[in-house]
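# A look at the structure
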Amino acid sequence: MTPQDDVTRVADPAAAPKPVSTPLPADAMIVVPVRDLVLFPELVFPVSVARPSSVAAIQQAVREQRQIVLVLQRDPQKEEIVPTDLHQVGTVANVLRYVTTPDGNHHIVCQGVQRFRTTDFVDGHPFLMARGLHLAEPTTTGPEVEARFLVLKQQLNEVLDLLPQVPQELRQTVEATTSAGTLADLAASYLDSKPAEKQEVLEAVDLVPRLDKVTQLLAKRLEVMRISSEIGRQTKSSLDARQREIVLREQMAAIQRELGEDDSGKQAIADLDKAITDAKMPPEAETAARKELRRLQRTPEASAEHGMIRTYLDTLIELPWALPETQPIDITEARRVLDHDHYGLEKIKKRIVEYLAVRKLAPEGKAPILCFVGPPGVGKTSLGQSIARAMGRKFSRVSLGGVHDEAEIRGHRRTYIGALPGTIIQAVRKAGSRDCVMMLDEIDKMGSGVHGDPSAAMLEVLDPEQNGTFRDNYLDVPFDLSRVVFIATANMLETIPGPLRDRMEIISLTGYTAGEKLEIAKRYLVRRQLEANGLTAEQAGIDDDALRLIIDSYTREAGVRWLEREIGRALRHVAVEVAEGKTTKAQIGTADIEKLLGPVRFENEVAMRTSVPGVATGLAWTPVGGDILFIEATRSPGGGRLILTGQLGEVMRESAQAALSLIKNKAAAIGIDPASFEKTDIHVHVPAGATPKDGPSAGVAMFMALTSLMTGRTIRSDTAMTGEISLRGLVLPVGGIKEKVVAAAAAGITRVMLPARNRRDYDDIPEEVRKTLEFIWLEKVEDAVEQALSPPEQKAA
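As the structure is a computational prediction, the values presented were derived from the model and not from experiment. (Residues numbered from 1 in each chain as written. Predicted model: local features only at pLDDT ≥ 70, side-chain atom pairs only at ≥ 80, totals over all residues. Heavy atoms only, no water.)

This next bit is on the overall build of the protein. Helix and strand counts for the protein stand at 27 helices and 24 strands. Burial status across the protein gives 46% buried among its 797 residues. Within the protein, contacts between residues separated by at least 24 positions form 74% of all contacts whose residues are at least 6 apart in sequence. For the protein, the exposed area adds up to about 39600 Å²; of that, 51% sits on carbon and sulfur atoms. One finds the centroid of the 98 positive side-chain charges in the protein at a distance of 3 Å from the centroid of its 111 negative side-chain charges. (Helix = DSSP H or I, 4+ residues; strand = E, 2+ residues; numbered from the N terminus. Buried < 20%, exposed > 50% of the residue type's maximum accessible area, 1.4 Å probe, protein only. Contact = heavy atoms within 4.5 Å. Areas by Shrake-Rupley, 256 points an atom, 1.4 Å probe, with all protein chains shown as cover. Lys, Arg positive; Asp, Glu negative; His and termini not counted. Charge placed at Lys NZ, Arg CZ, Asp CG, Glu CD.)

In structure tokens, the structure reads:
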């Protein structure tokens, strides 16, 4: 903040007007317009005067020893001033000194006295004169004024602390000022702000508005000064650190020269040269490495480029360029490893053994890329680890979930600071072997954005014809990925792009049956949770019946993760008692489960829901396995409308409409009065309304729910169904049969009705499930009516 003078143009001295011969009115004040200066009461400022009329006004005031009024112009560029060009409020000032320099410039030193508001101007004089009101300084006191006064003084002291070389007199003036109005005028006068903002302060006669305005202006300026000061400190610190580093490096170099140790840089280059030779790189990669090594020799160690080149060379050297010695694959040992690590999954194990046999007989051949698809918790990732153990190779896992940048796969170019290789090269580098087993986890959850599509970059990685010369952007030399065993995992295939899916062999993993879950819990989960909770088999155990209760009543999933968490919860209660010394051995039985895990979470509600006409049990496929759903229908007097609720998708809504059209067409054959549809509104609802539902496979269930509603006959509670329907009454095949049937068995269903054309999926259903279910194959909807509806004599009243 520095004083701002009104810097004006220098006028010709000869153009100055002569003294006024007529006397000036005693009640009028001489007005001197100023361009960029606002003078406040009690403050002294120099003013340069150049306008002829202003020079005449000053000279007349000096001759008559009169006070003047300094008023700010609205437009500083205007030369000819009329009363409307001036602000209404100015400052009465005493002319302390008037000086004319040898070059003809006119200067005055004036002191502000008090505020002045013009009311009218007096004509007939060579300069402006005005009458008005002398505005006395308010003497208001009180808490509001005192509080604002203290805040303003604190702000001023902080500003003075931030300013360099502040005169001590200015600090003393601020501390000695006891008047709130005077302190506000002082702060506004020295504030580095626009004249218009200072004019607003001058026009604020009342203390509270004036103090608020000055405080706001000062707060803005103070924030700018704080940021500027911080930037200055950071810049100085950065420069100081850089200069210090240079000096220290020079001193270190001098010390090394004195000690005869000046060959450390040469030794490092020699070590890198030897490491490049030992890495057994291909010719193209070795040429690029030695070129960068020569650049490194010419680059000063203090340069940022030196670190980037060294990091690049270290990456090239650490990569496993040489192919390790091939280890024979023992198929018998592979079977043992798979059986030891995983229960069930016989078809999956068979395919893996076939895969390993082909790799053993044709190690140089291009083996397919396996992709395990299934719900969470069924053992996809652990299967990859078992394959690595069976092959005697190192295992590396790459998580692709949420990857939306192509550079995550191909790497960043070295032109960017902090560039790194892509995740594929980093995984190979971490494994330390070019023939490792690499698990590409969650490949279905890659996204795309403004930085490219990573799934497109994966096309080269997973193509056996191309990945032998994979070029990472960071390496900028080809790297052979053809010996890496890639295994991908996914929860669903729909989100994997077609070209990428075409490069992989899909192996589906379904959910486990209740019996399989029991065996998995006994063999793996209980032991793992005992170790996780610091218990031994001698201290705690869980009965088979208790495990069955947890599986049936506390979990509802395709995998076993939820089951493992519940087992862990039960064992933690035992761990507390063992830690407290209350017990040394605890065997958890069925009677203890509800006390440890709380009330039963899942009950068999099929019988309860289907005990009334209009309710059918359908089967659905979800990304986390199969599930059952209920189709509920009811009717009310109306005009033949069909109402659909339950957040149904477009395809599922069309299935409901097709089911209604079909039942109207077959009404007479089923025993329904065709006229009843015209006087009835039918409402179809699928519970769990917060969950979106879609697909055509609920067609049979929709048809049966409407048939049950209109005939008044209930559907058997032990029966669930799936299948698409046509308007001719045919039952068409659907997908996800294996998952749906497993879910039906887990829910207590004993009969399932499936499309006859889905018989091809029968062998995929686990044998344990097939033994517990009765399968009814449907060719037409009449088959479903015959098998599912209760007999007419049991018709509801």
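There is more to say after this.
Right, let's talk about the pattern of salt bridges for a bit. Within the structure shown, the criterion is met by 51 salt bridges. The shortest N-O distance in the salt bridge between Arg601 and Glu566 comes to 3.2 Å. Residue Arg601 is located in the loop between helix H20 (590-597) and helix H21 (606-609), and its partner Glu566 is located in helix H19 (residues 561-580); the two are separated by 35 residues in the primary sequence. Here Glu580 makes a salt bridge to Lys582, at a shortest N to O gap of 3.2 Å. Both residues of the pair, Glu580 and Lys582, count as exposed. (Salt bridge = Lys/Arg side-chain N within 4 Å of Asp/Glu carboxyl O.)

A word on the pairing of strand E3 (residues 68-72). The buried fraction of E3 is high, at 5 of 5 residues. Bridging between strand E1 (residues 29-34) and E3 involves 5 bridges; their strand directions are parallel. When the bridges of E3 are listed, Val31 appears paired with Val69. Relative to strand E4 (residues 89-100), E3 runs antiparallel, the two sharing 3 bridges. By the bridge assignment, Val69 is partnered in E4 with Val92. (Pairing = 2+ DSSP bridges.)

This brings us to the side chain of Ser676. Summarising the element assignment, Ser676 is placed in the loop between helix H23 (667-670) and strand E19 (680-685). Judged by its relative accessible area of 17%, Ser676 is buried. Of note is the side chain of Ser676, whose polar atom sits 2.6 Å from the backbone oxygen of Asp673. (Polar contact = N/O pair within 3.5 Å; in protein donor to acceptor, adjacent residues only side chain to side chain.)

This part covers the environment of Thr141. Tracing the chain through its elements places Thr141 in the loop between strand E6 (129-135) and helix H2 (143-162). In sequence terms Thr141 and Tyr474 are 333 residues apart; their C-alpha atoms lie 72 Å from each other.

The strand order across the open sheet built from 5 strands is E8-E9-E12-E7-E13, with neighbouring strands paired in parallel fashion. In this open sheet, the two edge strands, each paired with only one partner strand, are strand E8 (395-399) and strand E13 (504-508). Strand-to-strand, the axes of this sheet are offset by a mean angle of 25 degrees, without reference to chain direction. Two strands pair when backbone bridges link them, and strand E9 (residues 437-441) and strand E12 (residues 485-490) are joined in this way by 4 bridges, in the parallel orientation. Counted as the bridge partner of Leu440 is Ala488 from E12. (Axes fitted to C-alpha atoms, helices over the stretch in contact; angles between N-to-C directions.)

For Gln65, which is not glycine, the phi dihedral falls at a positive 50 degrees. By the secondary structure assignment, Gln65 is in the loop between helix H1 (52-64) and E3. The phi torsion at Asp476 lies on the positive side, around 60 degrees, for a residue other than glycine. If you trace the backbone, Asp476 turns up in the loop between strand E10 (470-471) and strand E11 (478-479).

So, on to the packing of aromatic side chains. According to the stated counting rule, one finds 6 aromatic pairs in the structure shown. Here the aromatic rings of Phe45 and Tyr190 are separated by 6.1 Å at their centres, their planes lie at 45 degrees, and the arrangement is tilted. Within this pair, whereas Phe45 is found in strand E2 (residues 44-49), its partner Tyr190 is found in helix H4 (residues 180-190), the two being separated by 145 residues in sequence. Judged by its relative accessible area of 4%, Phe45 falls in the buried class. Judged by centre distance (5.0 Å) and plane angle (65 degrees), the rings of Trp321 and Phe479 are edge-to-face. In this pair, Trp321 sits in the loop between helix H9 (304-318) and helix H10 (331-341) while Phe479 sits in strand E11, placing the two residues 158 residues apart along the sequence. Judged by its relative accessible area of 0%, Phe479 falls in the buried class. In textbook terms, an aromatic cluster arises when at least three aromatic residues are bridged by ring pairs, as seen for Tyr762, Phe775 and Trp777. In this structure, Arg414 is placed above the aromatic ring of Tyr312, and the distance from its NZ or CZ to the ring centre is 3.7 Å. (Phe/Tyr/Trp six-rings, centres within 6.5 Å; stacked < 30°, edge-to-face > 60°. Lys NZ or Arg CZ within 6 Å of the ring centre and 35° of its normal.)

Formed by 53 residues in total, the largest nonpolar core has its most connected members in Leu356, Phe372 and Ile567. Sorting elements by how many residues they give to this core places helix H17 (residues 514-532) first, with 7 residues. Beyond its immediate stretch of four places on either side in the chain, Ile567 contacts Ala521, Leu525, Val526, Gln529, Ile542 and Leu547. (Core = buried A, V, L, I, M, F, W, Y, C linked by side-chain atoms within 4.5 Å.)

Moving on, we come to the packing of helix H11 (residues 346-361) against helix H12 (residues 380-391). Direction vectors running N to C along H11 and H12 enclose 35 degrees, while the axes themselves pass 12 Å from each other. Every pair of crossing elements has a handedness; the one defined by H11 and H12 is right-handed. Contacts between H11 and H12 pair Ile348, Ile352, Leu356 and Arg359 from the former with Leu383, Ile387, Ala390 and Met391 from the latter. Taken together, the residues of the contact of H11 with H12 break down into 7 nonpolar, no polar and 1 charged. (Left-handed = near helix turned anticlockwise from the far one by under 90°. Nonpolar A, V, L, I, M, F, W, Y, C, P; charged D, E, K, R; others polar.)

We now examine the state of the cysteines. Linking two cysteines covalently via their sulfur atoms produces the bond known as a disulfide. Counting across every chain of the model gives 0 disulfides. Of all cysteine sulfurs in the structure, the one in Cys371 sits closest to Cys436, which takes part in no disulfide; the separation is 18 Å. A relative accessible area of 0% places Cys436 in the buried class. (Disulfide = S-S within 2.5 Å.)

Scored by pLDDT, the protein comes out at a mean of 84, with 93% of its residues at no less than 70. Mean pLDDT values over the elements of the protein span from 56, in H21, up to 94, in strand E23 (residues 751-755). Across residues 1-16, confidence stays below pLDDT 50; counting only partners more than four residues off in sequence or on other chains, it has 41 contacts. (pLDDT = per-residue confidence, 0-100.)

Moving on, we come to the packing of H10 against H12. Close contact between H10 and H12 brings their axes to 9 Å; oriented N to C, the two are set at 150 degrees. With respect to each other, H10 and H12 are oriented roughly antiparallel. Crossing geometry of H10 relative to H12 is assigned as right-handed. Taken together, the residues of H12 that come into contact with H10 (itself represented by Ala334, Arg336, Val337, Leu338 and Asp341) are Ser386, Arg389 and Ala390. Taken together, the residues of the contact of H10 with H12 sort by class into 4 nonpolar, 1 polar and 3 charged. (Parallel < 35°, antiparallel > 145°, perpendicular 65-115°, else oblique.)

Turning our eyes to something else, we now look at helix H8 (residues 283-298). Between its first and last C-alpha, H8 extends 23 Å over 16 residues, near the 22 Å set by a 1.5 Å rise per residue. Taken together, the buried positions of H8 are occupied by Ala285, Ala288, Ala289, Glu292, Leu293 and Leu296. Here the buried residues of H8 occupy an arc of 140 degrees about the axis, which is enough to place them on one side. For H8, the exposed residues lying more than 90 degrees away from the buried face are Pro283, Thr287, Lys291, Gln297 and Arg298. (Expected span 1.5 Å × (residues − 1). Arc of directions from axis to C-beta.)

With that settled, the discussion passes to H12. Here H12 is 12 residues long and its end C-alpha atoms lie 17 Å apart, about the 16 Å a rise of 1.5 Å per residue gives. When H12 is considered as a whole, its buried residues turn out to be Lys380, Leu383, Gly384, Ser386, Ile387, Ala388, Ala390 and Met391. Lining the buried residues of H12 we find H10, H11, strand E7 (369-373), E8, E9 and E12. Once H12 ends, the next one or two residues include Gly392, with phi positive near 70 degrees.

Once that is clear, we can look at the environment of Ser229. With respect to the helices, strands and loops of the structure, Ser229 is situated in helix H6 (residues 207-259). For the pair Ser229 and Met446, spaced 217 residues apart in the sequence, the C-alpha separation amounts to 46 Å.

Among the secondary structure elements, Arg210 is positioned in helix H6. Reaching out from Arg210, the side chain makes a polar contact with the backbone oxygen of Ala204 at a distance of 2.9 Å. Residue contacts for Arg210: discarding those within four places in its chain leaves Arg115, Glu137, Pro138, Gly181, Ala184, Asp185, Val201, Ala204 and Val205.

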